[in-house]
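Commentary on secondary and tertiary structure
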Amino acid sequence: MKFKIRFARQIVGVFVILGFGLLLMIIVMIGSNQRWFARNYEYVSEFQSASGISQGMSITFRGFQIGTVTSIELTEHNVVAVRFNIFDTYIDKVTENSVMQLVSHPLGFGGGMVLHQGRRRTDPLPEGSLIPSINSGLGRSLVAQDLVALPEEPDQIEELLSLLDPILRNIDAVTQEAEQLLAEVNAVLAGSSQGPLAETVAAVNAVLLELEVAVADIGKIAGNIEATTAEMRDPTGLVPRLLGAEGSIARILDDDEELYREIEKILASVQAALEDVQQMTEYLVSTTPQISGILEESRQAIDTGQEVLMGVRNNPLIRGGVPERLEQPTTFQGFRDEEF
Amino acid sequence: MYAVGYFFEILREIPGFFLRRRSGLRVLTMQMLFTGFEALPVIAVIALGLGGIIVIQGLSLLPQFGQGQLIYTILVIVITRELGPILAAFIVFARSGTAITTEIGNMVINREIEAFIATGINPISYLVVPRFLGVTLSMMLLNVYFNVFGLLGSFFIAQLFQPLPFSQYAAGLFEAISGADVASTMLKSMIFGALIATVSTFYGFRVERASTEIPQNTIRSIGVGFTLLIVANGVLTLVYYL
């Protein structure tokens, strides 16, 4: 029996248990990541306007997210009631005299709802309590009595400078990268680097070396030309020997018409040959009609032969009577025809 | 209407299976072995490939627009919510649905069904219900495995091309996936499993006399089954977004 069939129950058991285990693990991971199993405490706050407030907006305390806005509703007294949750891990931050503040960044970099803790260290407020907004009458009164631990107002210029800081850091990073790039280019030009640019520079160097060799060759050629020129200037050199009164060229030009006579003889021979060719051509022209007649008769004979062959082929008595010639391959083969 | 009645007849017989579970347990086990366990390698390869492609393409494209975080949402939408259940269903139908139709069709031709009825055994109770439960349960489990391989396995494939810390990947993934996504995918796989089992057994019983009817009914079951799966997927997706 096959292993799978024999242990089918065990295999299916492992398959099922592992599958459900994985499903459970995924659910637990999602739940723990999204705080399904954590206790949240609900509170309410009141604002004059819902502008800038949205469901799911985070509640922060000293920059940490400590809760989320769960619902926003307009009450019958035209006050916006904002319900929000505070995570159980931060419930001790919600003390007496705490206030809520809706903040929006002056430069439009987002905002949120911030909890400002009361100065007195008390037990957490009971769930469902009202935490006044900082702009409400109660909130202003608490702030005026210095019962709220408000953080120091950040200087706007300081804030702008803090925004500039990352930009400057980016510029610094770019400058450093540019420096690295320059160092790399220097290394490439110095021949101590690798890469496409370094290969190009090396190739250019090789070309320059070849050019240097070529320039050296040109120098040698120029030297030879110079030497030739010097020889030409030399009264005992090659040129005077050729062009001088006793030189070869002078002798050719002044050879008592010997060269002229030779040329005249050659021309006479050429003229005789041309006359022979002309005579031959005239003979061919005179015999052309006869050749044409022979060719025409040959063509007519071929046509007649074709008709005779056609007649013989169409003759029912002897049609098919001529056996087809079978090509008999030769049994002789040279050594070259053999395959090794 | 006859098919709807057949489906409700299966549902009616399901409680009886748990009361007389000894008789059909073997059939259920074997069905889960063939439908679930044996389809696992195919499911794993497809899920790994799909997840890997999404991660590689997403990580190369999305950060260019400053939307690198969207990769997790895309993974969840494609693998968990949409393609995972439907691809697993197609594979199960192609492998097991056709096999069930052929097997039951052959039983009809060999008059085994008549023998069951003659001996007082309800063929739906003994043959269909274990297959229905086996295919449905296998479908749900295969969908879980598809998601595991697609979502987590793709991470390892992505490491070959673009290294990413697992903690960052897991945090982003579990932030993007919600309970509704898990519920949606499990509901889809359960309904798809029920559809596959019902359609394939229904067309198996539609064979009457000749063995030549078996391939005809198998082809019909594939056509009808795939259409129903796509329609059901559309309806369930619509319900999710309502």
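Residues numbered from 1 in each chain as written. Chains lettered and ligands numbered in written order. Predicted model: local features only at pLDDT ≥ 70, side-chain atom pairs only at ≥ 80, totals over all residues. Heavy atoms only, no water.

1. A few points about the interface of chain A and chain B
- Of the residues lining the interface, 21 residues belong to chain A; the matching set on chain B comes to 24 residues.
- The contact between chain A and chain B buries some 2,100 Å² in all, and 80% of this surface belongs to carbon and sulfur atoms.
- Of all residues in chain A, Val12, Phe15 and Asn33 of chain A bury the most surface against chain B, accounting for 27% of the area lost on that side.
- Summed over the shared surface of chain A and chain B, the number is 0 salt bridges.
- Scanning the region where chain A abuts chain B turns up 2 residue pairs in polar contact (both at pLDDT 80 or more).
- Contributions of two or more residues to the side of chain A that touches chain B are made by helix H1 (3-6) and helix H2 (8-33) of chain A.
- Sort the elements by how many residues they give to the side of chain A that touches chain B and H2 of chain A lands first, with 17 residues.
- The class makeup of the residues in the side of chain A that touches chain B is 16 nonpolar, 3 polar and 2 charged. (Contact = heavy atoms within 4.5 Å. Buried area = accessible area lost by both parts, 1.4 Å probe. Salt bridge = Lys/Arg side-chain N within 4 Å of Asp/Glu carboxyl O. Polar contact = N/O pair within 3.5 Å; in protein donor to acceptor, adjacent residues only side chain to side chain. Helix = DSSP H or I, 4+ residues; strand = E, 2+ residues; numbered from the N terminus. Nonpolar A, V, L, I, M, F, W, Y, C, P; charged D, E, K, R; others polar.)

2. Let's talk about the packing of aromatic side chains
- Tallying each qualifying case throughout the model produces 17 aromatic pairs over all chains.
- Aromatic pair Tyr72 of chain B and Tyr169 of chain B: ring centres 5.8 Å apart, planes at 70°, arrangement edge-to-face. Of the two residues, Tyr72 of chain B is situated in helix H4 (residues 70-109) and Tyr169 of chain B in helix H7 (residues 166-176); the sequence distance between them amounts to 97 residues.
- Here the aromatic residues Tyr2, Tyr6, Phe202, Tyr203 and Phe205 of chain B are joined through ring pairs into a cluster of three or more.
- Across from the ring centre of Tyr41 of chain A, 4.3 Å away, lies the NZ or CZ of Arg39 of chain A, which sits over that ring. (Phe/Tyr/Trp six-rings, centres within 6.5 Å; stacked < 30°, edge-to-face > 60°. Lys NZ or Arg CZ within 6 Å of the ring centre and 35° of its normal.)

3. Focus on the nonpolar core
- Membership of the largest hydrophobic core comes to 79 residues, with the highest contact counts inside it found for Leu75, Tyr169, Phe192 and Ile196 of chain B.
- If you tally residues by element for this core, the top one is helix H6 (residues 123-161) of chain B, at 18 residues.
- Membership of the second largest hydrophobic core comes to 19 residues, among which are Met57, Phe61, Ile66 and Leu125 of chain A. (Core = buried A, V, L, I, M, F, W, Y, C linked by side-chain atoms within 4.5 Å. Buried < 20%, exposed > 50% of the residue type's maximum accessible area, 1.4 Å probe, protein only.)

4. Details of unusual backbone geometry
All names here are of chain A.
- Look at Arg62: it is not a glycine, yet its phi comes out positive at around 55°.
- Turning to its location among the elements, Arg62 is positioned in the loop between strand E2 (58-61) and strand E3 (64-74).
- Located in the positive-phi region is Asn97, a residue other than glycine, with phi close to 70°.
- Within the fold, Asn97 resides in the loop between strand E4 (80-87) and strand E5 (99-104).
- A residue is classified by how much of its surface remains accessible, and Asn97, at 16% relative accessible area, is buried.

5. Remarks on the packing of H2 of chain A against H7 of chain B
- The contact between H2 of chain A and H7 of chain B brings their axes to 9 Å, and the two run at 85°. Viewed along their axes, H2 of chain A and H7 of chain B adopt a mutual orientation that is roughly perpendicular. The residues of H7 of chain B that touch H2 of chain A, namely those facing Ile26, Met29, Ile30 and Asn33 of chain A, are Ala171, Phe174 and Glu175 of chain B.
- Looking at side-chain class alone, the contact of H2 of chain A with H7 of chain B contains 5 nonpolar, 1 polar and 1 charged residues. (Axes fitted to C-alpha atoms, helices over the stretch in contact; angles between N-to-C directions. Parallel < 35°, antiparallel > 145°, perpendicular 65-115°, else oblique.)

6. Let's talk about the environment of Phe17 of chain B
Residues and elements named next belong to chain B.
- As for its position among the elements, Phe17 is in helix H1 (residues 2-19).
- On the accessibility criterion, Phe17 (4% relative accessible area) is buried.
- For the pair Phe17 and Leu133, spaced 116 residues apart in the sequence, the C-alpha separation amounts to 9.6 Å.
- The residues touching Phe17, leaving out its near neighbours within four places in the chain, are Gly24, Leu25, Leu28, Val129, Pro130 and Leu133.

7. Side note on a nonpolar patch on the surface
- Side chains of Ile157, Leu161, Leu164, Ile167, Leu168 and Ile171 of chain A sit close together on the surface and give an oily, nonpolar patch of about 580 Å² of accessible area.
- Taking relative accessible area as the criterion, Ile167 of chain A reaches 45% and is therefore assigned partly exposed. (Patch = residues over 30% accessible without salt bridge, like charges linked within 9 Å, V, L, I, M, F, W, Y side chains within 5 Å. Areas by Shrake-Rupley, 256 points an atom, 1.4 Å probe, with all protein chains shown as cover.)

8. Some remarks on the pairing of E4 of chain A
All names here are of chain A.
- Counting buried positions along E4 yields 7 of 8 residues, so the element is predominantly enclosed.
- Where strand E1 (residues 40-47) lies against E4, 8 bridges are found, and the strand directions are antiparallel. When the bridges of E4 are listed, Glu46 appears paired with Ala81.
- In the sheet, E3 pairs with E4 via 7 bridges, with the strands oriented antiparallel. When the bridges of E4 are listed, Leu74 appears paired with Val80. (Pairing = 2+ DSSP bridges.)

9. Topic: the domain arrangement of chain A
- Assigned domains of chain A: these are domain 1 (3-32) and domain 2 (38-158).
- Its C-alpha centre places domain 1 of chain A at a distance of 46 Å from the equivalent point of domain 2 of chain A. (Domains from an automatic or database assignment.)

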